[in-house]
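Architecture and fold: a report
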Amino acid sequence: MPRTPRTINDILSHARVFQGAYTRADLEAARETVARGVNELRWGRALDDAAPSPSRSAVRHERAMCDLRMLSRAVIRHPGAAGRVTAFDDRREPDGALAFACLLYVAEPESGAQFWWEYAAGAGSVTGALCLYLLHLSRGELRDARHWACQIGDLHDLGWDGYMPVDHRAERVDADPLLGTAVRYVLPPGRAVPEEAVRDAMGRLEAADTGPGSVPQPTADLAVHWCDLAPA
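Residues numbered from 1 in each chain as written. Predicted model: local features only at pLDDT ≥ 70, side-chain atom pairs only at ≥ 80, totals over all residues. Heavy atoms only, no water.

This brings us to the overall build of the chain. Of the regular secondary structure elements, the chain holds 9 helices and 2 strands. The linear arrangement of helices and strands in the chain, starting from the amino end, is α-α-α-α-α-α-α-α-β-β-α. Considering the chain as a whole, with its 232 residues, one finds that 41% of them fall into the buried category. Of all intrachain contacts in the chain linking residues separated by at least 6 positions in sequence, the fraction that spans at least 24 positions is 63%. In the form shown here, the chain has an accessible surface area of approximately 12100 Å², with 53% of it arising from carbon and sulfur atoms. (Helix = DSSP H or I, 4+ residues; strand = E, 2+ residues; numbered from the N terminus. Buried < 20%, exposed > 50% of the residue type's maximum accessible area, 1.4 Å probe, protein only. Contact = heavy atoms within 4.5 Å. Areas by Shrake-Rupley, 256 points an atom, 1.4 Å probe, with all protein chains shown as cover.)

As structure tokens, then:
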């Protein structure tokens, strides 16, 4: 699975004294870093072979959920995301569908992100396929997770050179006793996305969401306000 577990001393060895005044964004980023480091250590211990199988499965699902949120935030904060969302609004470009789906997932995991990730992955997006792999793994849907692991492996073997907004180095492996075929991935560090800006962005989708079961659509001004989701 993703990363080699680190010890507390490894995590603390990268600590630095901040020079200057702390902003709210700095505090959010610090909390994200600490939480990520502690979770790595906790997950590594929980997934030890000595742990009962049900416990390992629960930790696996929780980790997939947290990693998917981390990946989604990194995609949202990518400098090219606003332009991709503009193209998505105009022409339903698959690359923009990826960023839009990540926004939907960060706002509400069941708000339609899966549809647009499938749209992007169907066009060859490795990042979209990885999002779907993590999504199904977080739900315990192992058959679907295996499917997307195979898709990632096929794209990797083909040397597919599609849009990849963040470096996640995903590749298929065949050594997982539960999945059989799984994915080894390394995610970029993720910074928090302002909750107020996410709520505002979702409010701009209400007119395009036409009823129960419908798929959320972007509005024309969503890309204009995308910078609010990724403050410096």
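Next comes the rest of the account.
Detailed reading of the predicted model is not advised wherever pLDDT is low. In the predicted model, the chain carries a mean pLDDT of 74, and 65% of its residues have values of at least 70. Here helix α2 (residues 24-46) is the element of the chain with the lowest mean pLDDT, 56, and helix α6 (residues 113-122) is the one with the highest, 93. Note on residues 41-52: pLDDT is under 50 here. Beyond four places in sequence and across chains, it has 19 contacts. Throughout residues 207-212 the model reports pLDDT below 50, and contacts reaching past four residues in sequence, or to other chains, amount to 5 contacts. (pLDDT = per-residue confidence, 0-100.)

Here S72 shows up in helix α3 (residues 53-76). When neighbours within four sequence positions are excluded, S72 is seen to be in contact with C102, Y105, V106 and W117.

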